[in-house]
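In case you want the letters, here they are:
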Amino acid sequence: QVQLVESGGGLVQPGGSLRLSCAASGSIFSINAMGWHRQAPGKERELVATVTSALTTHYADSVKGRFTISRDDAQNEVYLQMNSLKPEDTAVYYCIFQQVVGTSEYEYWGQGTQVTVSS
């Protein structure tokens with residue numbers, strides 16, 4: 001099993017910044033993609049950003065130019081730097097790791113961290 005622990009959420013004013021971190025522990029063999037999703041109240045969970053093992057990144061249109069995803073494979077961690085935050089970025093943010101073991105692919109989710117953007 002793989003456990004993910006997120007940190008870095010909180011309350012920030014519009015225009016501010018936050019940096020989310022997610023650390024993995026447990027039975028880690030070969031992490032493929034890492035990413036962040038978010039879910040706002042009353043809305044479906046949506047993809048925010050992903051980064052592959054080749055360091056290819058993908059962002060939702062709503063966060064392009066404001067958010068940056070990065071990873072540290074030595075530490076089994078993924079980060080999300082969020083700048084120019086807007087009230088509509090308010091959501092619970094979840095990290096996700098994808099791991100390949102043999103011929104099987106597994107997904108692991110963190111418990112979520114709350115980000116609130118409000119004045």
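Residues numbered from 1 in each chain as written. Predicted model: local features only at pLDDT ≥ 70, side-chain atom pairs only at ≥ 80, totals over all residues. Heavy atoms only, no water.

1. Here we look at the state of the cysteines
Item 1. Taken as a whole, this structure holds one disulfide when the rule is applied.
Item 2. Here Cys-22 engages in a disulfide with Cys-95; their sulfurs sit 2.0 Å apart. Taking the sign of the torsion about the S-S bond as the criterion, the disulfide between Cys-22 and Cys-95, at about 45 degrees, is right-handed. Placement of the pair is Cys-22 in strand 3 (residues 18–26) and Cys-95 in strand 9 (residues 91–101), with a sequence separation of 73 residues. Here Cys-22 matches Cys-95 in class, with each residue buried. (Disulfide = S-S within 2.5 Å. Helix = DSSP H or I, 4+ residues; strand = E, 2+ residues; numbered from the N terminus. Buried < 20%, exposed > 50% of the residue type's maximum accessible area, 1.4 Å probe, protein only.)

2. Re the packing of aromatic side chains
Item 1. Under the definition given, this model contains one aromatic pair.
Item 2. Seen from their ring centres, Tyr-94 and Trp-109 are 6.5 Å apart, and the 70 degrees between their planes marks the pair as edge-to-face. Linking Tyr-94 in strand 9 with Trp-109 in strand 10 (residues 104–109), this pair joins segments that are 15 residues apart in sequence.
Item 3. Judged by its relative accessible area of 13%, Tyr-94 is buried.
Item 4. Lying over the aromatic face of Tyr-79, Arg-19 brings its terminal NZ or CZ to 4.2 Å of the ring centre. (Phe/Tyr/Trp six-rings, centres within 6.5 Å; stacked < 30°, edge-to-face > 60°. Lys NZ or Arg CZ within 6 Å of the ring centre and 35° of its normal.)

3. With respect to the sheet that holds strand 8 (residues 77–82)
Item 1. As summarised here, the arrangement of the four strands in space is 1-3-8-7, forming an open sheet in which the pairing is antiparallel. Two strands bound the open sheet, and with one partner strand each, they are strand 1 (2–7) and strand 7 (67–72). Between one strand and the next, the sheet's axes are offset by a mean angle of 15 degrees, whatever the strand orientation.
Item 2. Where strand 3 lies against strand 8, six bridges are found, and the strand directions are antiparallel. Note on strand 8: the bridge partner recorded for Ala-23 is Glu-77. (Pairing = 2+ DSSP bridges. Axes fitted to C-alpha atoms, helices over the stretch in contact; angles between N-to-C directions.)

4. As for the side chain of Glu-6
Item 1. Assignment of secondary structure puts Glu-6 in strand 1.
Item 2. Despite being buried, Glu-6 has no salt bridge partner; Arg-45 is the closest side chain of opposite charge, sitting 8.1 Å away.
Item 3. Engagement of the side chain of Glu-6 in a polar contact is seen with the backbone nitrogen of Gln-111, the distance being 3.1 Å.
Item 4. There is a polar contact of 2.5 Å between the side chain of Glu-6 and the backbone nitrogen of Gly-112.
Item 5. When neighbours within four sequence positions are excluded, Glu-6 is seen to be in contact with Ser-21, Cys-22, Trp-36, Tyr-93, Tyr-94, Cys-95, Gly-110, Gln-111, Gly-112 and Thr-113. (Lys, Arg positive; Asp, Glu negative; His and termini not counted. Salt bridge = Lys/Arg side-chain N within 4 Å of Asp/Glu carboxyl O. Polar contact = N/O pair within 3.5 Å; in protein donor to acceptor, adjacent residues only side chain to side chain. Contact = heavy atoms within 4.5 Å.)

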